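Geometric and topological summary
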Amino acid sequence: MKPMNHRSLILFLCLWGMFTLLQPARAETRPPFDHGMSHKDDLSDSAGIRMAGLLDKLLDPESKERKILEGATTVLSATGDMDYKSERTIGESLALEGFRRYGLPVENPELQRYINLVGHAVARNSQRPGIPYVFVVVDSPLQNAFSCPGGIIFVSKGLIDTIQNESQLACVLAHEVGHVGHKHALKSIQRAKFFKGVGKITAATMEGEKGEQFESMIGDLQNVLFDKGLDQNMEFEADQTAMETAYRTGYDPQGMIQVLERLREIESKAKKKGSWFSTHPPLTDRIQKCRKSLNRYPDADELSQGKNRFQARVR
Amino acid sequence: MDRAFVHPGPWENTLWVSSEGAKLKSDNTAMSDTVKTLPLGMEVSVLRSRDRWHYIRTPAGEEGWMYRGRLSDTPPEMEAEGQGEDLFAGLGGNGIGSDEASTSRSIRGLSKETETYADHQNTPAKYRQALDQVLTMTISDKELQKFLKSGRIGEYAN
């Protein structure tokens, strides 16, 4: 069994200490204004005894307390505490499955460069600008875009063909960059078995039982990102983040609303499975929420839409 | 909650550099001289604002103009020290380097761990090669600035 790390122990002791100190007040019937010294001393003694007992239990690998703590550290290590290299390995593995599912990159170096230029322009103004991002257009007729942890962003040719100008493209890419910044995909697998006892992903954790658990986790992620979709609130959050990021960069944030409206127009005729239509919340809800936040951008109309350049580089 | 723009008044004049490659300019135009490129996360004081630009002062006392989109009212998320080691081509430490390097940051192909995953999954070579190629894409700061300028985006709008 993996030894507890220092930070986890401190966290647990703090939580347990608070719990222990509150216990007598809940359990005993006390006069409402009795704050006498002798009673406080009783509480301290009681808390000390409990703390000593707790330490014994934490050292026992089979104890209930130890198992609770390990569960808590699983959640911590799987989300905010994960090192970038581990996050990137998850992202790369998922990206391989992305190509398998949605096809290879479109063989058009100019288009790929253009997408990367717009993508980098927004990523450097995103909430997580300090990691490397790459953007790729894949040869799929479905309208879809998704992001792999660590910053690998996929956009389908079908979605690019639906978009009408550069600000709309910037908003779509900023939406995906937003998912990476908020670590939404990672949060969706934070309780995966793989993370039990694993602090970071290494060559050793890719083999044997752990390796199988890693592969199963990537399977779960595919299910979330390619079929089921992320939690609706995560999608709404990514929409809001996209508008903010596009605006900061100098693009019209209304591009987000325009692209959602465009998708709504073609929804009845579009293939749903594996597309933004099936993996994202209803378009009307998204449009409504984006419209509500427009008052944050009073000069949105004056910002760039980039229609001419988009048409020249993409069509 | 997302970071938001602020139009600082006398009661609210602290902002954070929240973009990679944020340039402090000698005037409120992108074409003016660059005084310095400020690091991500630096706390600055806003002395006044004009159009979409703020006149700011750094903790070291340097003053100049910065486009509003490079600043926000909360600190940006910083990657933990050392996390980027061995990952960022041409960079050292945590991978947060100079402005020149910041946008050309890239990953050197598939990691050893991803290769192991691909072996276990019998991933066809064409998908591995595709990802390998995608990961080597780099965009230099110079190319990005040229792109923004030609599109009249952000600080290049006027």
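If you're wondering where the values come from, they're calculated on a predicted model, not measured in any experiment.

This part is about the sheet that holds strand β1 (residues 134-138) of chain A. Residues and elements named next belong to chain A. Strands sit in the order β1-β3-β2 across an open sheet of three strands; the sheet is mixed. The outermost strands of the open sheet, each flanked by one partner alone, are β1 and β2 (145-148). Each neighbouring strand pair of the sheet contributes to a mean axis angle of 20°, computed without reference to strand direction. Relative to strand β3 (residues 152-156), β1 is paired through five bridges, and the arrangement is parallel. From the neighbouring strand, Val134 faces β3, where its bridge partner is Ile152.

To continue, consider the interface of chain A and chain B. Across the boundary between the two partners, chain A contributes 46 residues, which contact 49 residues of chain B. Those elements giving two or more residues to the side of chain A that touches chain B turn out to be α4 (84-102), α5 (109-123), β1, α7 (166-182), α9 (208-228) and α10 (232-249) of chain A. Each residue belonging to the side of chain A that touches chain B can be placed in one class, and the counts come to 18 nonpolar, 15 polar and 13 charged.

Counting residues in each nonpolar core, the largest one holds 81 residues, and the members touching the most others are Val155, Ala170, Leu173 and Ala246 of chain A. Among the elements that make up this core, the one with the highest residue count is α7 of chain A (eight residues). When neighbours within four sequence positions are excluded, Val155 of chain A is seen to be in contact with Ile115, Phe135, Val137, Ala145, Ile160 and Val172 of chain A. In terms of nonpolar packing, the next biggest core, distinct from the first, is built from 14 residues, Ala22, Leu24, Val44 and Trp65 of chain B among them.

Another aspect to go through is unusual backbone geometry. At Lys183 of chain A, a position not held by glycine, the phi torsion is positive, near 55°. Summarising the element assignment, Lys183 of chain A is placed in the loop between α7 and α8 (184-188). Positive phi outside glycine occurs at Asp51 of chain B, with the angle close to 50°. Looking at Asp51 of chain B, the number of C-beta atoms within 10 Å reads 13, which means it is partly exposed.

What counts as what
- Residues numbered from 1 in each chain as written.
- Chains lettered and ligands numbered in written order.
- Predicted model: local features only at pLDDT ≥ 70, side-chain atom pairs only at ≥ 80, totals over all residues.
- Pairing = 2+ DSSP bridges.
- Helix = DSSP H or I, 4+ residues; strand = E, 2+ residues; numbered from the N terminus.
- Axes fitted to C-alpha atoms, helices over the stretch in contact; angles between N-to-C directions.
- Contact = placed C-beta atoms within 7 Å.
- Nonpolar A, V, L, I, M, F, W, Y, C, P; charged D, E, K, R; others polar.
- Core = buried A, V, L, I, M, F, W, Y, C linked by C-beta atoms within 7 Å.
- Buried ≥ 20, exposed ≤ 12 C-beta atoms within 10 Å, placed from the backbone.

Purely geometric stuff here, so don't read any function into it on its own.
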